[in-house]
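Okay, here's what each chain looks like letter by letter:
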Amino acid sequence: MKLDRKEILSALETITIAGEGKNMVESGAVKNVLIFGNEVTVDLLIATPAMHIKKRAEDDIKKLIHERFSQDAVVKVNIKVEAQANPNEIKGKTIPGISNIIAVASGKGGVGKSTVTANLAVTLAKMGFKVGILDADIYGPSMPIMFDVESEKPISVTVDGKSKMKPVESYEIKILSIGFFTAPSQAVIWRGPMASKALNQMIFDADWGQLDFMLIDLPPGTGDIHLSIMQSLPITGAVVVSTPQAVALADAKKGVSMFLSDSINVPVLGIIENMAYFTPEELPNNKYYIFGKEGAKNLAEDLQVPFLGEVPLVQSIREAGDYGRPAALQTASVIEKVFEDITRNVVQETVNRNESLPPTEAIKITTMAGCSAVKGK
């Protein structure tokens, strides 16, 4: 079947871009349609800088042309984002020297978010990136234990005539946590504004230096601390951690929804499934899906966000966290490989996000180590 430009334009009037109301031709999103033989190129301009909306528009166009005109058509969709100013959008201040800020979140507590954050951090460092962790879980800070620095205290340094906190370093990771300023047995009994003020001090009154990645270990849920972080910092993207079980997935879905909401508008880099299955040491080929099978993977597909990988339920991961040496540091182990694969996916999705969406500020990965890590995927 011969492809006709007018017929394709007419067909595109049946597709609506999420959040824009009008069809993509009427709204002016379709800027050009080019046909050369069996090749169709559609140039699209959209106003919403959300990765899942961009992906859906591309998929809808390809599906329409293949179903209505020709299965053999080679369809290319060029999408440019021209974000409109949103008066309600939360904007944060950039920190000089920090290239990418990744929020690690979970809708539900107890799914291993802090463990995943710690192992992502040490794997990024092994890849050659400069990494920092902001432990924003004010009421349950875990990073001092997981990096074996419970007894450490940040020291004061002078930078450009100003007194700054120097983050504690462990395994080449710079760390700041409210846990450094309280006794292990002391509960943090603060209202939201006080917790937010403490976070702002750890963010802006610290000498973070040059970082390729700052990972923010957020508390569970979708509350005041999350809003404070979004108001304070331009978040490059969010990673959501969940177990496969239905109760955790319901909350993870709310977490994704929070980041993609109009007021926050943070791209979701993907979902990680933790405690995906259990394999006994004496039966290495057996997998027991204790919390359900592929729940987070299916959720990622439903929400049209990337699935970054799965972490098995392994005793050594828990032990390593308790001993203060993240499991991803175990050379030539299964766990090291698992976190290497997941971290490469996080890096790749960050690269994709920076190339396809308007930057929060000027954020690009330029480190050669990161490029080689992605290519080695």
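Provided above is the structure to which this section pertains.
Per-chain numbering applies: the sequence of each chain, read as written, is numbered from 1 onward. Confidence filtering applies because this is a predicted model: local features only for residues at pLDDT of at least 70, side-chain atom pairs given and counted only at 80 or more, and all residues used for totals across whole chains, interfaces and linings. Calculation of side-chain values draws on the structure's entire complement of heavy atoms; hydrogens and water are dropped beforehand.

## Some points on the overall build of the protein
Definition in use: Secondary structure elements are taken from DSSP: a helix is a run of H or I of four residues or more, a strand is a run of E of two residues or more, and numbering for both begins at the N terminus. Here the term buried applies to any residue with accessible area under 20% of the maximum for its type, exposed to any over 50%, and partly exposed to those in between, with areas from a 1.4 Å probe on protein chains only. Whether two residues are in contact is decided by their heavy atoms, any of which lying within 4.5 Å being enough. Under the convention used here, a 1.4 Å probe and the Shrake-Rupley method define accessible areas, while residue burial counts only the protein chains that appear.
When helices and strands are counted, the protein shows eleven helices and 13 strands. Classification of the 377 residues of the protein by burial places 51% in the buried group. Put simply, 74% of the contacts in the protein that link residues at least 6 apart link residues at least 24 apart. Looking at the protein as shown, the accessible area adds up to about 18100 Å², and 50% of this sits on carbon and sulfur atoms.

## As for the pattern of salt bridges
Let me state the cut-off plainly: Note on definitions: salt bridges are taken to be side-chain nitrogens of Lys or Arg within 4 Å of carboxyl oxygens of Asp or Glu.
The final tally for this structure, using the stated rule, is ten salt bridges. For D60, the salt bridge is made with R56, and the minimal N-O distance between the two is 3.9 Å. Note that D60 and R56 are positioned in helix α2 (residues 51-68) at a spacing of four residues, about one turn of the helix. Take D60: its relative accessible area is 26%, and that puts it in the partly exposed class. Judged by its relative accessible area of 45%, R56 falls in the partly exposed class. With a shortest N-O distance of 4.0 Å, E319 and R318 are connected by a salt bridge. Residue class for R318 comes out partly exposed when judged on its relative accessible area of 47%.

## Quick notes on the sheet that holds strand β5 (residues 131-135)
Across a sheet, paired strands are connected by hydrogen bonds in the backbone, their directions being either parallel or antiparallel. The condition is simple: DSSP-based pairing: two strands are paired if at least 2 bridges between them are found. Every axis corresponds to a line fitted to the C-alpha atoms, with the helix fit spanning only the stretch in contact, and the corresponding angles, defined between N-to-C directions, vary from 0 to 180 degrees.
The strand order across the open sheet formed by eight strands is β8-β9-β5-β10-β4-β11-β12-β13, and the pairing between neighbours is mixed. Only two strands of the sheet have a single partner each, and these edge strands are β8 (168-170) and β13 (307-313). Sheet twist, expressed as the mean angle between neighbouring strand axes with direction ignored, is 25°. Bridge count between β5 and strand β10 (residues 211-217): five bridges; the pairing is parallel.

## As for the sheet that holds strand β2 (residues 39-46)
Ordered by their spatial adjacency, three strands build an open sheet running β1-β2-β3, and the pairing between neighbours is mixed. For this open sheet the edge positions go to β1 (30-36) and β3 (74-81), each flanked by a neighbour on one side alone. Shown here is a sheet whose adjacent strand axes are inclined to one another by a mean of 10°, direction ignored. Where β1 and β2 come together, six bridges link them in antiparallel fashion. Looking at β2, one finds that L34 is bridged to T41. In this fold α2 packs onto β2 and β3, with an angle of close to 155° to the strand it touches most, β3.

## What to know about the packing of aromatic side chains
As a reminder, the rule being used: Two aromatic rings, drawn from Phe, Tyr or Trp (for Trp, its six-membered ring), form a pair once their centres lie within 6.5 Å of each other, and the interplanar angle then sorts them: stacked below 30 degrees, edge-to-face above 60, tilted otherwise.
Taken as a whole and assessed by the stated rule, the structure comprises three aromatic pairs. Pairing F147 with Y171 gives two aromatic rings, centres 6.2 Å apart and planes at 45°, and the pair type is tilted. Placement of the pair is F147 in the loop between α4 (143-146) and β6 (155-159) and Y171 in the loop between β8 and β9 (173-177), with a sequence separation of 24 residues. A relative accessible area of 0% places F147 in the buried class.

## Quick notes on the packing of helix α3 (residues 113-126) against helix α10 (residues 334-356)
Applicable threshold: For classification purposes, an angle smaller than 35 degrees is called roughly parallel, one larger than 145 roughly antiparallel, one from 65 to 115 roughly perpendicular, and anything else oblique. When residues are sorted by character, Ala, Val, Leu, Ile, Met, Phe, Trp, Tyr, Cys and Pro go into the nonpolar class, Asp, Glu, Lys and Arg into the charged class, and all the rest, Gly among them, into the polar class.
α10 packs onto α3 with a crossing angle of 80° between their chain directions and a minimal axis gap of 9 Å. Considering the angle they form, α3 stands roughly perpendicular to α10. Here α3 contributes V116, N119, L120, T123, L124 and K126 to the contact with α10, which in turn contributes E336, F339, E340, I342, T343, V346 and V347. Class assignment of the residues belonging to the contact of α3 with α10 gives a composition of seven nonpolar, three polar and three charged.

## A few points about α2
Operational definition: Given the number of residues in a helix, its expected span is that number minus one, multiplied by 1.5 Å.
For α2, spanning 18 residues, the distance from its first C-alpha to its last is 26 Å, which sits close to the expected 26 Å at 1.5 Å a residue. Within α2, burial applies to M51, I53, K54, A57, E58, I61, L64 and I65. Summarising the contacts, the buried residues of α2 are in contact with α1 (5-12), β2, β3, β12 (268-278) and α10.

## Regarding the environment of K108
Mapped onto the elements of the fold, K108 is located in the loop between β4 (98-105) and α3. When residues no more than four places from it in sequence are discounted, the contact partners of K108 are P220, V247, A248 and D251.

## Here we look at the pairing of β10
Of all seven residues that make up β10, seven are buried, and the element is covered over most of its length. Relative to β10, β4 runs parallel, the two sharing six bridges. For I98, the partnering residue across the bridge sits in β10 and is L211.

## Some points on the nonpolar core
Which entries qualify depends on this criterion: Here the nonpolar core consists of buried residues drawn from Ala, Val, Leu, Ile, Met, Phe, Trp, Tyr and Cys, with membership extended through side-chain atoms lying within 4.5 Å.
Counting residues in each nonpolar core, the largest one holds 69 residues, and the members touching the most others are L12, M24, L44, I61, I65, F147 and I173. Residue contributions to this core peak at seven residues, all from α3. I61 has contacts with L12, I15, M24, V42, L44, V75 and V77, leaving out every residue within four places of it along the chain. Core analysis: the second largest hydrophobic core is formed by 43 residues, L134, I216, V240 and V256 among them.

## Quick word on the side chain of D217
Filter applied, for reference: Two N or O atoms count as a polar contact when they lie within 3.5 Å, although within protein this holds only if one can serve as hydrogen donor and the other as acceptor, and sequence-adjacent residues are included solely when both atoms are side-chain atoms.
For D217, the location among the structural elements is in strand β10. Here K113 takes part through its side chain, which lies 2.9 Å from a polar atom of the side chain of D217. Every residue in contact with D217, bar those within four places of it in the chain, is listed here: V104, K113, S114, T117, L134, D135, A136, D137 and M143.

## Some details on helix α8 (residues 295-303)
Quick note on the threshold: For this quantity, the arc is that covered by the directions from the helix axis to the C-beta atoms.
All of the buried residues along α8 are G295, A296, L299, A300 and L303. Burial along α8 is one-sided: seen end-on, the buried residues are contained in an arc of 140°. Along its buried surface, α8 packs onto α2, β11 (237-242), α7 (246-260), β12 and β13. Positive phi shows up at Q304, right after α8, with a value of about 60°.

Just distances and angles here, no functional claims.
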